[in-house]
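So you can see what is in the structure, the chains are spelled out below.
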Amino acid sequence: MKTLVLSDLLSQRSSFGQMTFVLVVVDIIMLISMQSPEAALAGVAVMVPYLMCYSMAMGDEMSGWERLRLTLPTGRSVVVQSRYASVILIAIVTCVFAFILNMLLVAIIGAIPQLSGWLGGMAFTGEKVVGMLASSALAFAMCLLFCSFTLPAMFRFGITRATRFIPVLAVVAMLVVFAVLSEDAGIIASLDAVSPFMVAVVAILVSFAVCAASIVIASRMFDKREF
């Protein structure tokens, strides 16, 4: 599995520099426009791993690796597990990098009187650091959930066919979440009363549970795929 993970990462080495540049630019724009390092961090930390996941799937299809790996002597479950491991590794690195980047940006803004006066909500405080830590953890959990729902379809049908209905599933999921939150405002009030770290820990545990189930489903779907 280690070899397959390295293969995934090496296949995307040309995209890492571009993604890093996009992450920095988008992060700065979101941070200044929203004046919230937590929101900016979460936005880029979810965006980059998901884009990389799609990029790896597209690369598999274009290079023929998607069909070649069906002939590998290793079990197909190992191929599935390696792709999930690659996504998790990229998500962790992205969250850590985005957290460090936002810490530096907030520190720079706080050190310049003109900027700190213009961006009043960007003061470098312990509360901001805690918020960014919780935000990065929640972003990791959300990215893991996104990939857990989309990777099984990619393994079963390929990226071209999977993209026909993955956006529909995403929209339906968002509508369900919005409907639940709009019908019961007590959920939001109860979350405000809970420690952000507790929310982050619960979100990560749930995302790992969903990811484990997704790996099992993806492995079974991939076993049924023919050449």
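Since the structure is predicted, the reported quantities are computational estimates derived from the model, not experimental observations.

(A) The arrangement of the confidence of the model for the chain in detail. Looking at the chain, the pLDDT average stands at 78 and 77% of residues meet or exceed 70. Mean pLDDT per element in the chain: helix 10 (residues 186–193) is the minimum at 52, and helix 5 (residues 76–111) is the maximum at 87.

(B) The arrangement of the packing of helix 5 against helix 7 (residues 126–157) in detail. With their axes 10 Å apart at the nearest point, helix 5 and helix 7 run at an angle of 155 degrees to one another. Between helix 5 and helix 7, the crossing angle belongs to the class labelled roughly antiparallel. With respect to the hand of their crossing, helix 5 and helix 7 are arranged in right-handed fashion. Between helix 5, through Val79, Val80, Arg83, Tyr84, Val87, Ile88, Ala91, Ile92, Cys95, Phe99, Asn102 and Met103, and helix 7, the contact on the second element is made entirely by Val129, Met132, Leu133, Ser136, Phe140, Cys143, Leu144, Cys147, Ser148, Leu151, Pro152 and Phe155. Each residue belonging to the contact of helix 5 with helix 7 can be placed in one class, and the counts come to 20 nonpolar, 3 polar and 1 charged.

(C) Focus on the nonpolar core. In terms of nonpolar packing, the biggest core is built from 44 residues, with Tyr84, Leu151, Met154 and Phe155 touching the most fellow members. Elements with a contribution of two residues or more to this core: helix 1 (2–11), helix 2 (13–34), helix 3 (37–63), helix 5, helix 7, helix 8 (159–162) and helix 11 (196–223). Other than its neighbours up to four places away in sequence, Leu151 contacts Cys53, Arg83, Tyr84 and Val87.

(D) Local environment of helix 7. Given a rise of 1.5 Å per residue, 32 residues ought to cover 46 Å, and the 47 Å separating the end C-alpha atoms of helix 7 matches this to within 8%. Thr150 marks where helix 7 bends most, by close to 30 degrees; the proline Pro152 follows one to four residues later. Positive phi shows up at Gly158, right after helix 7, with a value of about 90 degrees.

(E) Structural view of helix 1. For helix 1, the full list of buried residues reads Leu4, Val5, Asp8 and Leu9. One side of helix 1 holds all its buried residues, which, seen down the axis, span an arc of 135 degrees. Of the exposed residues in helix 1, the ones pointing more than 90 degrees away from its buried face are Lys2 and Thr3.

(F) Up close: the environment of Met30. Relative to the assigned elements, Met30 resides in helix 2. Sequence-wise, Met30 and Val44 are 14 residues apart; in three dimensions their C-alpha atoms are separated by 9.0 Å. If we skip the residues at most four places from it in the chain, Met30 touches Gln35, Ala39, Ala40, Gly43 and Val44.

(G) How the structure looks around the side chain of Ser86. Assignment of secondary structure puts Ser86 in helix 5. Not counting the four nearest positions on each side in its chain, Ser86 is found in contact with Val5, Asp8 and Met56.

(H) How the structure looks around the environment of Ile92. Relative to the helices and strands, Ile92 resides in helix 5. Classification of Ile92 as partly exposed rests on a relative accessible area of 40%. The spacing of Ile92 and Ala45 is 47 residues in sequence and 8.9 Å in space, taken between C-alpha atoms.

(I) View of the packing of aromatic side chains. This structure, assessed with the given rule, holds 4 aromatic pairs. On the numbers, 5.7 Å between centres and 55 degrees between planes, the contact of Tyr50 with Phe146 is tilted. Taken together, the residues span a long stretch of sequence, with Tyr50 in helix 3 and Phe146 in helix 7 at a distance of 96 residues. An angle of 50 degrees between the planes, with centres 5.9 Å apart, marks the rings of Phe140 and Phe208 as tilted. Residue Phe140 is found in helix 7, and its partner Phe208 is found in helix 11; the two are separated by 68 residues along the sequence. Looking at Phe208, the relative accessible area reads 37%, which means it is partly exposed. Members of the aromatic cluster, joined through ring pairs, are Tyr50, Tyr54 and Phe146.

Scoring rules and cut-offs
- Residues numbered from 1 in each chain as written.
- Predicted model: local features only at pLDDT ≥ 70, side-chain atom pairs only at ≥ 80, totals over all residues.
- Heavy atoms only, no water.
- pLDDT = per-residue confidence, 0-100.
- Helix = DSSP H or I, 4+ residues; strand = E, 2+ residues; numbered from the N terminus.
- Axes fitted to C-alpha atoms, helices over the stretch in contact; angles between N-to-C directions.
- Parallel < 35°, antiparallel > 145°, perpendicular 65-115°, else oblique.
- Left-handed = near helix turned anticlockwise from the far one by under 90°.
- Contact = heavy atoms within 4.5 Å.
- Nonpolar A, V, L, I, M, F, W, Y, C, P; charged D, E, K, R; others polar.
- Core = buried A, V, L, I, M, F, W, Y, C linked by side-chain atoms within 4.5 Å.
- Buried < 20%, exposed > 50% of the residue type's maximum accessible area, 1.4 Å probe, protein only.
- Expected span 1.5 Å × (residues − 1).
- Bend = angle between axes of the 7 residues up to and from the residue.
- Arc of directions from axis to C-beta.
- Phe/Tyr/Trp six-rings, centres within 6.5 Å; stacked < 30°, edge-to-face > 60°.

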